[in-house]
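Each chain is listed here by its residues.
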Amino acid sequence: MAKIWANSGDSHFLEPDDLWRSRLPKQLAGLCPRAEKDPDGEYETVFVDGQVFRRKLPSSALVDFAQMSMRAQGNRDARARLADLDQEGIWGEVIFPSLGMWASSFRTPELLKACMRASNEWALEEIVAVSPRYVVTAQVSTLVVDDAVEEMLWAADKGFKAIFLPTTPHPSAPDWHRDDWEPLWAAAEEAGMVLAFHIGTDPVEVTAANSVTGGAGLVYRGPGGAIMNYAETTFSGQRATMKLVASGALDRHPNLKVLISEGGATWVPFLGDRLLEGYRQHHMVVRPKLSRSPKEILFNQVYASFQHDETAVQAFEHMGYRNVMFGSDYPHMEGTFGHTQDTLKTLFDGVSDETRLRITQGAFFELFPDVPPVAAESV
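Given the structure is predicted, the values throughout are model-derived calculations rather than measurements. (Residues numbered from 1 in each chain as written. Predicted model: local features only at pLDDT ≥ 70, side-chain atom pairs only at ≥ 80, totals over all residues. Heavy atoms only, no water.)

**Quick look at the pattern of salt bridges**
Any two side chains of opposite charge can pair, given that their charged atoms come close. Here is the rule we go by: By convention in these notes, a salt bridge is any Lys or Arg side-chain nitrogen within 4 Å of a carboxyl oxygen on Asp or Glu. Here a strand is any run of E in DSSP of at least two residues, a helix any run of H or I of at least four, and the numbering for each starts at the N terminus.
Tallied over the entire structure, the rule returns 18 salt bridges. Lys-295 is the salt-bridge partner of Asp-273, the closest N and O atoms lying 2.6 Å from each other. Taken together, the residues Asp-273 in helix α10 (residues 267-281) and Lys-295 in helix α11 (residues 294-301) connect sequence positions 22 residues apart.

What follows is the structure in structure tokens.
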């Protein structure tokens, strides 16, 4: 079979470990995250913004496996990355940060604001400038709403097309369904910026004993824990979507688009049914009232990326949900790097060209029309 070309609604890039420390003033650089591993490699001590906490490190087997998947040459090199994408049959891709996953651990607004700007400036220099095929998500503070709006507007002016948001905002900030975030939703809609949420980005929870208990992919222990923890990461994306729909945020801003990356796609029709049932059957206590049904809002404004889900194609073909988008999750071990073509050919075996093109390319280009079309010589 000929190569199937796809865009990706989900990928990752590893910034230099010292990016923040090297770019921030000395008084702020000393507050940036750093970790010291114990000699036996079982635990590490993390220092971030005046806080110190301990966390258990993954097993050596899992670390080895993860490191294998992260050896892709484009992991840290945006130019070498293009060769990986061409090999896999990936054209355009949404790129999420790695250092940005620390954002929920900050307590000092000035520090977080400076780190977000440093990351965005570095991304412009090292990734955005390399290829128009890259849709790099700008990072904004979720500690202070005004800071988020300011950085989003700066990023839009610099040509960013999406902002990365954690599925749950900073622990000290209001949740996504609160009206406090209205200035960000309004500004993002006006600027044409996509809200790009990535699953598994709930804030890290630190106990009084200075140990991590949740928010870092560890919820369950014991039999089945690894599978349950993996499944658990997907739910945060669904909750973020639910909040934006039920609170009326998306209804008030019908041109605002949301991308939920790596969380699958078949949950969208189910959530739409559930929200519609709740809105209809409990209408007497529902606030606010919406101008459209919650299912319509969800189906029209929310896009969802998946990598291996066998049911995602059916969500498009048989459940009426058109905003299904493939995502390779490059280069993570949950992703398709090294077998993207095998995955795509399995997913779309016997499927119509219309369905395949919508899921592999159309939904992506709808969100990011500035990405050039797949080169003719690649088709």
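What follows picks up the thread again.
**Considerations on the layout of surface pockets**
Here is the rule: Buriedness of a pocket was judged along seven lines, with at least five required to meet protein on both sides within 12 Å; pockets are open sets of points on a 1 Å grid over the protein atoms alone, cavities are sets where a 1.4 Å probe fits but cannot get out, and lining residues have an atom within 4 Å of a point. Grid points are joined across faces, edges and corners, and a volume is the space filled by probe spheres set on the points. Three categories are distinguished: nonpolar for Ala, Val, Leu, Ile, Met, Phe, Trp, Tyr, Cys and Pro, charged for Asp, Glu, Lys and Arg, and polar for the others, with Gly belonging to the last.
Space inside the second largest pocket adds up to approximately 410 Å³. Lining the second largest pocket are 23 residues, with Gly-159, Phe-160, Lys-161, Phe-368 and Asp-370 positioned closest to its centre. Elements represented by at least two residues in the lining of the second largest pocket include exactly β6 (134-139) and α14 (353-367). The element that contributes the greatest number of residues to the lining of the second largest pocket is β6, accounting for three residues. By residue class, the composition of the lining of the second largest pocket is 15 nonpolar, four polar and four charged.

**Regarding the packing of helix α8 (residues 225-246) against α10**
For the record, the criterion: Lines fitted to C-alpha atoms define the axes, with helix axes restricted to the stretch in contact, and inter-axis angles between N-to-C directions lie between 0 and 180 degrees. The labels follow the angle: roughly parallel below 35 degrees, roughly antiparallel above 145, roughly perpendicular from 65 to 115, and oblique for the rest. The sense of a crossing depends on the near helix, which, turned anticlockwise from the far helix by less than a right angle, makes the crossing left-handed and, turned clockwise, makes it right-handed. It only takes one pair of heavy atoms within 4.5 Å for two residues to be counted as in contact.
Remark: α8 packs on α10, axes separated minimally by 11 Å, with the N-to-C direction vectors making an angle of 40°. Classified by the angle their axes make, α8 and α10 are oblique. Considering how the two elements wind past one another, α8 and α10 form a crossing that is right-handed. Between α8 and α10, the contacting residues are Gly-237, Gln-238, Thr-241, Met-242 and Val-245 on the first element and Trp-267, Leu-271 and Leu-275 on the second. For the contact of α8 with α10, a count of residues per class yields five nonpolar, three polar and no charged.

**Let's talk about the pairing of strand β7 (residues 162-166)**
What counts, and what does not: Exposure is judged per residue with a 1.4 Å probe applied to protein chains only, and the accessible area is read against the type maximum: over 50% gives exposed, under 20% gives buried, and values in between give partly exposed. For two strands to pair, DSSP has to find at least two bridges joining them. Place the viewer so that the strands point away; then a crossover is right-handed whenever the path from the first strand over the helix to the second strand goes clockwise.
Of all five residues that make up β7, five are buried, and the element is covered over most of its length. Going residue by residue along β7, you find Ala-162, Phe-164 and Pro-166 tucked away on one face and Ile-163 and Leu-165 tucked away on the opposite face as well. Summarising the sheet, β6 and β7 pair through three bridges and their orientation is parallel. Looking at β7, one finds that Gln-139 is bridged to Phe-164. Chirality of the crossover, the property in question, places the unit of β6, helix α6 (residues 145-157) and β7 among those that are right-handed.

**Points about the sheet that holds strand β3 (residues 43-48)**
The antiparallel open sheet is built from three strands, whose spatial order is β2-β3-β4. Every other strand in the sheet has two partners, leaving β2 (34-37) and β4 (51-56) as the edge strands with one partner each. Each neighbouring strand pair of the sheet contributes to a mean axis angle of 25°, computed without reference to strand direction. Taken together, the four bridges between β2 and β3 define a ladder with antiparallel strand orientation.

**Overview of the sheet that holds β7**
Pairing within the open sheet is parallel, and its eight strands lie in the order β1-β5-β6-β7-β8-β11-β12-β13. The strands lining the two open edges of the sheet, one partner per strand, are β1 (6-8) and β13 (324-326). Direction aside, neighbouring strands of the sheet carry axes that sit 25° apart on average. Pairing geometry for strand β5 (residues 90-95) and β6, over three bridges, is parallel. Among the inter-strand pairings, Val-94 is bridged to a residue of β6, identified as Val-135. Sitting on the sheet, helix α4 (residues 78-88) touches β5 and β6, and the angle it makes with β5 is about 130°. Each of β1, β5, β12 (302-306) and β13 is contacted by helix α13 (residues 340-347), which is oriented at about 150° to β13, the strand it contacts most.

**Let's talk about the nonpolar core**
Quick note on the threshold: What is meant by a nonpolar core is a set of buried Ala, Val, Leu, Ile, Met, Phe, Trp, Tyr and Cys residues, joined one to another through side-chain atoms within 4.5 Å.
Membership of the largest hydrophobic core comes to 88 residues, with the highest contact counts inside it found for Trp-20 and Trp-185. If you tally residues by element for this core, the top one is helix α5 (residues 109-128), at nine residues. Setting aside chain neighbours within four positions, we find Trp-185 in contact with Leu-165, Trp-176, Leu-195, Leu-244, Ala-249, His-253 and Leu-256.

**A closer look at the packing of aromatic side chains**
Note the following rule: When the centres of two rings from Phe, Tyr and Trp lie within 6.5 Å, Trp using its six-membered ring, the rings pair. Their planes under 30 degrees apart give stacked, over 60 give edge-to-face, and anything left gives tilted. To sit over a ring, a charge needs its Lys NZ or Arg CZ within 6 Å of the ring centre and within 35 degrees of the ring normal.
Overall, the coordinates contain 13 aromatic pairs when judged by the stated rule. Between Trp-176 and Trp-181, the aromatic rings sit 4.7 Å apart at their centres with planes inclined by 55°, giving tilted as the arrangement. One exposure class covers both Trp-176 and Trp-181, and it is buried. Taking the centre distance of 5.1 Å and the plane angle of 85° together, the rings of Tyr-330 and Phe-337 count as edge-to-face. The lysine or arginine in question, Arg-34, covers the ring of Phe-47, its NZ or CZ lying 4.1 Å from the ring centre. Against the face of Trp-91 rests Arg-133, its NZ or CZ located 4.1 Å from the ring centre.

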